[in-house]
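Chains, contacts and geometry: an overview
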There are 2 protein chains.
Amino acid sequence: MELTRRKMLGAVAAGSCLVSSCMREEVKTAALTTGADAAWPYHELDPERTANLAYGYYPEGQCMYAVFRSIVGQLADQYGEPYRSFPYRMMAYGTNGVMGYGSLCGALNGAAAAISLFEARKEQRASLTGQVFLWYEQTELPVYAPATPKVDMLMPVTVAGSVLCHLSVGNWTKVSVYPAKGKERTERCSRLAADVARQTVLVLNAHLSGADALAIFSDKQVSQCNACHGPNGQRKDVAATMSCGSCHSSLPDTHPEISSKAPKVL
Amino acid sequence: MELTRRKMLGAVAAGSCLVSSCMREEVKTAALTTGADAAWPYHELDPERTANLAYGYYPEGQCMYAVFRSIVGQLADQYGEPYRSFPYRMMAYGTNGVMGYGSLCGALNGAAAAISLFEARKEQRASLTGQVFLWYEQTELPVYAPATPKVDMLMPVTVAGSVLCHLSVGNWTKVSVYPAKGKERTERCSRLAADVARQTVLVLNAHLSGADALAIFSDKQVSQCNACHGPNGQRKDVAATMSCGSCHSSLPDTHPEISSKAPKVL
């Protein structure tokens, strides 16, 4: 982190003095620099406590809000500013893949936002985000078991195979036979938000302590596709690392054969 | 809006007093309520100025950052807090569909976040977000023409047909034959961010003035698919309003015939 908490707190306190009686020009500059453009300090959090909080926050603003607030809100509770004045409610927009659109899973949107709040360096941020996104694509979820469930049910678990909300939910509805809108799906996504919040904290804690990245395997199929379509391939027509096969489930007849090392299993 | 700017500014200034010498318990409560959970006041912005700002901000943090900062940052410049202390840099995470994942277009992620910051009521927020997302899916973009282009080129325009980054970019690379990573694609996305920022401000201005929603047509195909798969259909296995046909470009042989009013053109 580029700033100590002391500096950050001072800067933000000073920033608000702009609209109170204690305005000073020198702190105005500090507030503009630190408040808007610097990473905020991350402090180690307890993964299980974070998961419990995310599960609890879900009804207030759903998936994105629950993940982001369970992480950043804990720091607000423990350290006050700048965390306290973040407009948390805004993050409710991620619900159901952004206001019902079914695009990016809101829990992941919240995780990526939190990671970015704490890590300004682009490569590190991409690595940390990948450790949550890849894990999400590949892991049977939800596994979080609330002490006091809002819906008491035997929870089916599924592999999302995608970072997209409607695919993640769709795989779950196929297996569970519950509808995509209903109290059981809401319970599933509440627990999923808890899982994503826990994973995000595990990743952030490891990063804070200087530990190696969590052992998560990259998607071989994505590598195969990007060998031709990616920025270093011959075609260079795709810039993406999200799972290919969850949508591109078959190759068109016109698609050239791919090498024996990359079998035609898309 | 539920709060006047005066109340908001007072509350946030008070919030920061928690870590300075001017702490008062009664304002602590106000800060917690307004800073974290209320909508922030929106003030009418000039759409063209916003587009210019977004184009200018793009190199600092790419698409999501450019859209969000061009809108909320103008209010920071004009009104100070609470807008000033927002950690804008965080929004850089939306780049290239979230840190290179190619999922949700970052310009749209930033637009949805800004709308949500200013509108707390869920139905209204969904309507405003839809007026940006549907327009994006259906419109030939980019149309923004910078006075001083960072890359001077004849810009090909394409219809994204999707809110997903790698589809939006992919359609453009097909037509333009430029690679998905390169200065021309960066220029395209800089201009696209300007277009999305402009559209978001048009939608927010209309909402502020109490005007009717902008005339944007809903996606008929989505309605057809949701007639069976949506929450009110027989199957209830999908909760999404993003364009179906951009990925589900053909129906499997096992798919039942759909009605004559909903021709098999998926």
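Structural data are supplied above this passage.
In this report, we go over the structure that sits alongside the text.

Criteria and thresholds
Residues numbered from 1 in each chain as written. Chains lettered and ligands numbered in written order. Predicted model: local features only at pLDDT ≥ 70, side-chain atom pairs only at ≥ 80, totals over all residues. Heavy atoms only, no water. Helix = DSSP H or I, 4+ residues; strand = E, 2+ residues; numbered from the N terminus. Buried < 20%, exposed > 50% of the residue type's maximum accessible area, 1.4 Å probe, protein only. Polar contact = N/O pair within 3.5 Å; in protein donor to acceptor, adjacent residues only side chain to side chain. Contact = heavy atoms within 4.5 Å. Phe/Tyr/Trp six-rings, centres within 6.5 Å; stacked < 30°, edge-to-face > 60°. Lys NZ or Arg CZ within 6 Å of the ring centre and 35° of its normal. Buried area = accessible area lost by both parts, 1.4 Å probe. Salt bridge = Lys/Arg side-chain N within 4 Å of Asp/Glu carboxyl O. Nonpolar A, V, L, I, M, F, W, Y, C, P; charged D, E, K, R; others polar.

Right, let's talk about the side chain of D195 of chain A for a bit. Residues and elements named next belong to chain A. With respect to the helices and strands, D195 occurs in helix α7 (residues 183-209). According to the relative accessible area criterion, D195 is buried, its value standing at 1%. At 2.8 Å, the side chain of D195 forms a polar contact with the backbone nitrogen of V143. Setting aside anything within four residues of it in sequence, one finds D195 in contact with W135, L141, P142, V143 and Y144.

Tallying each qualifying case throughout the model produces 19 aromatic pairs over all chains. Look at F68 of chain A and F86 of chain A: their rings are 4.8 Å apart centre to centre, the planes differ by 40 degrees, and that puts the pair in the tilted class. With F68 of chain A in helix α3 (residues 47-79) and F86 of chain A in the loop between α3 and α4 (106-118), the pair connects residues that are 18 residues apart, well separated along the chain. Accessibility assignment for this pair places F68 of chain A and F86 of chain A in one class, buried. An angle of 55 degrees between the planes, with centres 6.1 Å apart, marks the rings of F68 of chain B and Y88 of chain B as tilted. A residue pair is termed long-range when its members are at least 10 positions apart, and F68 of chain B in helix α3 (residues 47-79) and Y88 of chain B in the loop between α3 and α4 (106-118) qualify at 20 residues. Both residues of the pair, F68 of chain B and Y88 of chain B, belong to the buried class. Taken together, F68, F86 and Y88 of chain A together with F68, F86 and Y88 of chain B form an aromatic cluster joined through their ring pairs. One Lys or Arg, K150 of chain A, reaches over the ring of Y55 of chain A and ends 3.4 Å from the middle of that ring.

Attention now goes to the interface of chain B and chain A. On the chain A side, the residues contacting the 74 residues of chain B number 74 residues. Regarding the contact of chain B and chain A, the summed buried area is about 6000 Å², with carbon and sulfur atoms giving 64% of it. The three residues of chain B that bury the most area against chain A are R84, R89 and Y101 of chain B, which together make up 15% of that side's buried surface. Applying the counting criterion to the chain B and chain A interface returns zero salt bridges. Viewed at the interface, chain A and chain B are joined by 26 residue pairs in polar contact (both at pLDDT 80 or more). At the level of secondary structure, the elements contributing two or more residues to the side of chain B that touches chain A comprise α1 (5-16), α2 (25-37), α3, α4, α5 (122-138) and α6 (165-176) of chain B. When the residues that make up the side of chain B that touches chain A are grouped by side-chain class, the tally is 41 nonpolar, 20 polar and 13 charged.

Taken by themselves, the reported measurements are silent on function.
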